[in-house]
Amino acid sequence: MRIGLAGLGTVAQGLLTLLKENREQIIAVCGQPIDVVAVASRTRREVDLAGADFSHDVLALAKRNDVDVLVELMGGEGIALEFVDAALNGGKPVITANKAILASHGDRLFELAATRGVMLGIEASVAGGIPIIAALTRSLAGNSVERVTGIINGTCNYILSAMSDRGERFEDALAKAQQLGYAEADPHFDVGSIDAAHKLAILAALAFGIPFDRAAVYAEGITDVTPDDITYAKELGYCIKQLGIARRTAAGVEMRVHPTLVPLGTMLSSVNGVMNAVQVNDNATGSLLFHGPGAGGRATASSVLADLLSLVRGDRPIRRLAAATTQRVLPIEAVESAAYLRIPVIDQPGVFARIATILSEHGISIEGAIQRERAIADRKVPIVVVTQPVREAVMIKAVAALQALPAVVDRVRRIRVEHAAA
Ligand code: HSE
């Protein structure tokens, strides 16, 4: 099996190492070696290519007739999408880790692969080394999935864990995640939840048969999560995780990525550092939790290798559910969730009562609350409340009413709370 490899970054280097280290294992499993014979990348890095040809011309690689499969590990859209299109159009199987192109063009690319009768392998596109694509499309294919909940961005989880466990500053934790090779080239893709939204769109498409549609995912980043929020959450019995949630409800499918309070003691609450975890709830198993490294060269290369072995063994390409056009995606305003509210107020009699009244006027019940006994500065004191679940549209109105109170002296901060985590 001869590979044409596009890209020479962290995952591509991990793949080159793994193919070398596991050569005997690979031959034992599939009866032949798998070799990279040609590499193309816009940047030439000091990497041992083990004799493979190197070129800067990525699109020419897609058209070479001396390779059996093209592996796309460049990332980003633009040239990577052109490369995948050219390879599939040329009748070559493609294996890609590119969540960005799949989240926006997945339907078209799968259709193109099916028309040409070739495999499109995407295991490496979500959750690094966790075989979640195989789980959804093969192992659980006959089950009706109700919900997929995941910590699917290693960089965000690394940052939130470092802030929570070691009191690190956001910027320092991000810099470390970048040094360790977890972060995207543009870290805004991680901390702004674009990366996680891409991955959630892929998981939802596979779990529910809805179109691949990144634009339909509601995404909120982690840059507004403060050390105070982490401390108050702990006092109330929660930690803060960046969760992706895709859920089937009677009204439609929810797709959202945002910072979330998760109850301490649940398995998702103990997924730390760069680790990812994906919880699948379905009508046969109840609940499964897949846990493992969600980023990094070797771990993600493991998923690329799995697709390569599938190809060599002649496994049937993954089958998507027939597109369920009847399942609409719910707008975020229609989604129901509980909330943590941090309300900065001037410490004066009756403020808590006024807050409770506003929440009650909107039909929102309070589940827990903290009020600092002493003001922090200038008589300012945060009141922290956890509510029962309520529709987003109602919560938005309630937060606006709280914000309008004269005693509320700074921005009201809201973070959603998820009690259904494993
Ligand atoms: N930047 C991504 C993450 C890499 O942190 O999870 C894996 O997609």
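The residue numbers shown here count from 1 along each chain, following its written sequence. For a predicted model such as this one, the threshold for reporting local features is a pLDDT of at least 70, and the threshold for listing and counting side-chain atom pairs is 80 or more; totals across whole chains, interfaces and linings nevertheless cover every residue. Side-chain measures here rest on the full set of heavy atoms in the structure, leaving out hydrogens and waters.

A. Structural context of the domain arrangement of the protein chain. Bear in mind that the domain bounds are from an automatic or database domain assignment. On domain assignment, one finds that the protein chain holds domain 1 (2–121), domain 2 (140–293) and domain 3 (336–417). Averaged C-alpha coordinates put domain 1 and domain 3 at centres separated by 51 Å.

B. Up close: the packing of helix α7 (residues 154–166) against helix α11 (residues 227–235). Axes here refer to lines fitted to C-alpha atoms; in helices the fit is confined to the stretch in contact. Angles between the N-to-C directions go from 0 to 180 degrees. The helix and strand labels rest on DSSP assignments: H or I over at least four residues marks a helix, E over at least two residues marks a strand, and numbering proceeds from the N terminus. Interhelical geometry of α7 versus α11 gives an angle of 70° and a closest axis separation of 10 Å. With respect to each other, α7 and α11 are oriented roughly perpendicular. As for how α7 packs across α11, the hand of that crossing is right-handed. Every residue of α11 that contacts α7 at Leu160, Met163 and Ser164 is listed here: Pro227, Ile230 and Lys234. Every angle not falling under 35 degrees, over 145, or within 65 to 115 is termed oblique; those three ranges are roughly parallel, roughly antiparallel and roughly perpendicular. The crossing is said to be left-handed when, going from far helix to near helix, the turn is anticlockwise and less than a right angle, and right-handed when the turn is clockwise. Any two residues whose heavy atoms approach within 4.5 Å are treated as being in contact.

C. Quick look at helix α1 (residues 10–21). A helix is expected to span 1.5 Å multiplied by its residue count minus one. Look at α1: 16 Å from first C-alpha to last across 12 residues, which is about the 16 Å you get at 1.5 Å a residue. Here's how the labels work: a residue is buried when its accessible area is under 20% of the maximum for its type, exposed when over 50%, partly exposed in between, all with a 1.4 Å probe on protein chains only. The set of residues buried in α1 consists of Val11, Ala12, Gly14, Leu15, Leu16, Leu18 and Leu19. Buried residues in α1 make contact with β1 (2–6), α2 (23–30), β2 (35–40), β4 (69–72) and α12 (297–313).

D. Spatial organisation of the packing of aromatic side chains. Stacked, tilted and edge-to-face pairs are distinguished by plane angle, under 30 degrees for stacked and over 60 for edge-to-face with tilted covering the rest, among Phe, Tyr and Trp rings (Trp via its six-membered ring) whose centres lie within 6.5 Å. Using the criterion set out here, one finds 2 aromatic pairs in the structure. Note on criteria: charge over ring means Lys NZ or Arg CZ within 6 Å of the ring centre, with the direction from the centre no more than 35 degrees off the ring normal. In this structure, Arg44 is placed above the aromatic ring of Phe54, and the distance from its NZ or CZ to the ring centre is 4.7 Å.

E. Structural detail: helix α4 (residues 79–89). Among all positions in α4, only Ala80, Leu81, Phe83, Val84, Asp85, Ala87 and Leu88 are buried. Of the surrounding secondary structure, the elements contacted by the buried residues of α4 are β1, α3 (58–62), β4, β5 (94–96) and α5 (99–116). Immediately beyond the C-terminal end of α4, within one or two residues, lies Gly91, with a positive phi of roughly 80°.

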